Amino acid sequence: MAGQVFIFLFAAGALSEPVLRYRLDSCNSLEPSYVNENWQYPGGGDVLMNTDLSLFDAPTKSRERNPPYTLTVDFDQYRRNREYQIHLETSEYFDSFMLHARAKDRPDGNATLVGWFVALPPIAMDLHCLGKRKSSVVNKARPVRIGNLTFTWRAPPTDYGWIQFSASVVRDNAYAVVKTKKITFNDFPVSIRGCGRDMSCFRQCSTPPPEECPPDQSAYMVVINMSMNKKEVIISLGGIIEDEEKYVAVGFGDDKENLQNMDVCACYKEGKNIRLGHYQLENKMGPAYLHRSPILLTGQDMDERTNFIWCQFRRPIMPKSMWELDLSHPMFHFYFMGKKNGSMITLPDMKNIWNSQMRNNFSEITNDILFSGAQRFHAYGSIAGPILAALILAQG
């Protein structure tokens, strides 16, 4: 019996042939390597033969100026934690492939792999290149020809700068590398890393606790941090705005009950453009007037997939003119959404205006999450500074 097994294995080894596949040693170079496979018995590609392949020449890189493979995406920028589809298309069948997203190489020359793949075609499998789980995709070793493929990739939560998807494709005994154009990073939605530690944040979600209300699940969000020289406050304000008759706003004032002389910055869309309005509110019963001191946008974004818009702007801590608000004084902070007519905004009901329970200085770090249910609101705060800004609903 032992002799029969030996003869079978010897014959299998003799009949095996080297083919080009992608393994962990392909991660940096995208160069395939020869492995032995024998498909005369089931699973022949899953058992590698111990044959010395060093006698074979190095894989040949195709010199075709226009290889029959293309790698396409339908987005120009990637956002934090967003999922995207990548298409590997071909006019000729191929044998093997490797795919991943790369940023600028590390100083040591190794590749920087970005994000991870969350959905693969049946012929594909994950490869944990360079210690990063699911960062790359290769085909399973099978005796088949491969055609067009679609993958779903999830962007990382951090900014890697520009990235580029790269695919290495084998056909017969040659391989070719194809790439997408460089894809830049979109700063929006604003990262919540550092909320409660380095910057103040307010988020409103419909998801119940203990979810942390990430930006992609928020309906309204404000992130406030100080400039490097501590002379300006940088405010990123955003929310879901389906049409041009709505806005999101943040306000500052000294009167929590009647909103007397509240200073308001409202973000809204006008066609394909994002606008920022600066208003002075007489009181909770009166209109909001356009302010004499305009505030300029320093950043903006509109996510057409979610209808989430962003306005980013700066305000000086110490006023530069008699018209500007002195932000060095502690004030109540107000967060709300409402309707507008043209460039004029209408204040929502007081029960829909959320405010800080205490007057806050911009140097005091707060982190608040509002979970809204069908009939009630829940407020959660965490302290990372001198005081805790617990969130409550303004009472009319």
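Peer 1: Could you clarify how one ought to interpret the overall build of the protein chain in this entry?
Peer 2: Looking only at helices and strands, the protein chain features one helix and 30 strands. When each of the 396 residues of the protein chain is scored for burial, the buried share is 47%. Considering only intrachain contacts with a sequence separation of at least 6, the fraction spanning at least 24 residues in the protein chain is 59%. Of the roughly 20400 Å² that the protein chain leaves accessible, carbon and sulfur atoms contribute 51%.

Peer 1: Is there a simple way to explain the packing of aromatic side chains in this structure?
Peer 2: Both the distance between ring centres and the angle between the ring planes are used here to describe each pair of aromatic rings. Taken as a whole, this structure holds 20 aromatic pairs when the rule is applied. Ring centres of F202 and Y335 lie 4.2 Å apart, and the angle between their planes is 5°; this geometry places the pair in the stacked category. Of this pair, F202 sits in strand β16 (residues 200-205) while Y335 is found in strand β25 (residues 332-341), placing the two residues 133 residues apart along the sequence. Neither residue differs from the other here; F202 and Y335 are each classed as buried. Ring geometry for F202 against W354: centres 5.9 Å apart, planes inclined by 35°, an arrangement best described as tilted. Residue F202 is found in strand β16, and its partner W354 is found in strand β27 (residues 354-356); the two are separated by 152 residues along the sequence. Of the two residues examined, F202 and W354, each falls in the buried class. Sitting over the face of the ring of W162, K182 holds its NZ or CZ atom 4.1 Å from the ring centroid. Over the ring of W323 we find R292, and its NZ or CZ is 3.9 Å from the ring centre.

Peer 1: I'm lost on unusual backbone geometry in this one. Help?
Peer 2: The omega angle of the peptide bond from F188 to P189 is 0°, so this bond is cis rather than trans. Counting through the fold element by element, P189 comes out in the loop between β15 (184-185) and β16. In this structure, N81 is a non-glycine residue whose phi angle is positive, near 60°. Under the relative-accessibility criterion, N81 is labelled partly exposed at 26%.

Peer 1: Would you take a moment to explain the state of the cysteines for this structure?
Peer 2: Note: disulfide means a covalent bond formed between the sulfur atoms of two cysteine side chains. In the structure shown here, the tally under the stated rule is four disulfides. Across the disulfide, C27 is cross-linked to C129 (sulfur-sulfur distance 1.9 Å). Judged by the sign of its S-S torsion, about -70°, the cystine formed by C27 and C129 is left-handed. Here C27 is found in the loop between β1 (17-21) and β2 (33-37), whereas its partner C129 is found in the loop between β10 (124-127) and β11 (136-139), with 102 residues between them in sequence. When its relative accessible area of 1% is taken as the criterion, C27 is described as buried. Using a relative accessible area of 0% as the deciding quantity, one classes C129 as buried.

Peer 1: Is there a simple way to explain the nonpolar core in this structure?
Peer 2: Generally speaking, nonpolar side chains in soluble globular proteins are found buried as a group. Counting 30 residues, the largest nonpolar core has Y78, F97, F151, W153 and F165 as its most contacted members. At the level of elements, β4 (69-73), β6 (83-90), β7 (96-103), β12 (149-154), β13 (164-171) and β14 (174-179) are the ones that each hand at least two residues to this core. In terms of residue count, β7 provides more of this core than any other element does, four residues in total. With 27 residues, the next largest nonpolar core counts I224, C265, I309 and Y335 among its residues.

Peer 1: Can you walk me through the side chain of S200 in this structure?
Peer 2: On the secondary structure map, S200 appears in strand β16. Residue classification places S200 among the buried positions, given a relative accessible area of 10%. Of the polar contacts made by the side chain of S200, one reaches the backbone oxygen of E364; its length is 3.3 Å. Setting aside residues no more than four positions away along its own chain, S200 makes contact with V222, V223, I224, E364, I365 and T366.

Peer 1: Please clarify how the pattern of salt bridges should be interpreted in this entry.
Peer 2: For side chains bearing opposite charge, pairing can occur when the charged atoms are close. Evaluation of the coordinates by the stated rule reveals 17 salt bridges. Here E232 and R314 are joined by a salt bridge, their closest N and O atoms 2.8 Å apart. In this pair, E232 is assigned in strand β18 (residues 232-240) and R314 in strand β24 (residues 308-316), connecting sequence segments 82 residues apart. Between D254 and R359 there is a salt bridge whose closest N-O contact spans 2.7 Å. Of the two residues, D254 is situated in the loop between β19 (246-253) and β20 (262-270) and R359 in the loop between β27 and β28 (366-372); the sequence distance between them amounts to 105 residues. Judged by its relative accessible area of 40%, R359 is partly exposed.

Peer 1: Sorry if this is basic, but what is going on with the sheet that holds β6 here?
Peer 2: Within a sheet, adjacent strands bond to each other through the backbone by hydrogen bonds, running parallel or antiparallel. Across the sheet, which stays open at both edges, the four strands sit in the order β4-β6-β12-β9 with antiparallel pairing between neighbours. Only two strands of the sheet have a single partner each, and these edge strands are β4 and β9 (116-119). The mean inter-strand angle of the sheet, taken between neighbouring strand axes irrespective of direction, is 35°. Of the strand pairs in this sheet, β9 and β12 are connected by three bridges, and their pairing is antiparallel. Its bridge partner being in β12, F117 is matched across the sheet by W153.

Thresholds applied
- Residues numbered from 1 in each chain as written.
- Predicted model: local features only at pLDDT ≥ 70, side-chain atom pairs only at ≥ 80, totals over all residues.
- Heavy atoms only, no water.
- Helix = DSSP H or I, 4+ residues; strand = E, 2+ residues; numbered from the N terminus.
- Buried < 20%, exposed > 50% of the residue type's maximum accessible area, 1.4 Å probe, protein only.
- Contact = heavy atoms within 4.5 Å.
- Areas by Shrake-Rupley, 256 points an atom, 1.4 Å probe, with all protein chains shown as cover.
- Phe/Tyr/Trp six-rings, centres within 6.5 Å; stacked < 30°, edge-to-face > 60°.
- Lys NZ or Arg CZ within 6 Å of the ring centre and 35° of its normal.
- Disulfide = S-S within 2.5 Å.
- Core = buried A, V, L, I, M, F, W, Y, C linked by side-chain atoms within 4.5 Å.
- Polar contact = N/O pair within 3.5 Å; in protein donor to acceptor, adjacent residues only side chain to side chain.
- Salt bridge = Lys/Arg side-chain N within 4 Å of Asp/Glu carboxyl O.
- Pairing = 2+ DSSP bridges.
- Axes fitted to C-alpha atoms, helices over the stretch in contact; angles between N-to-C directions.

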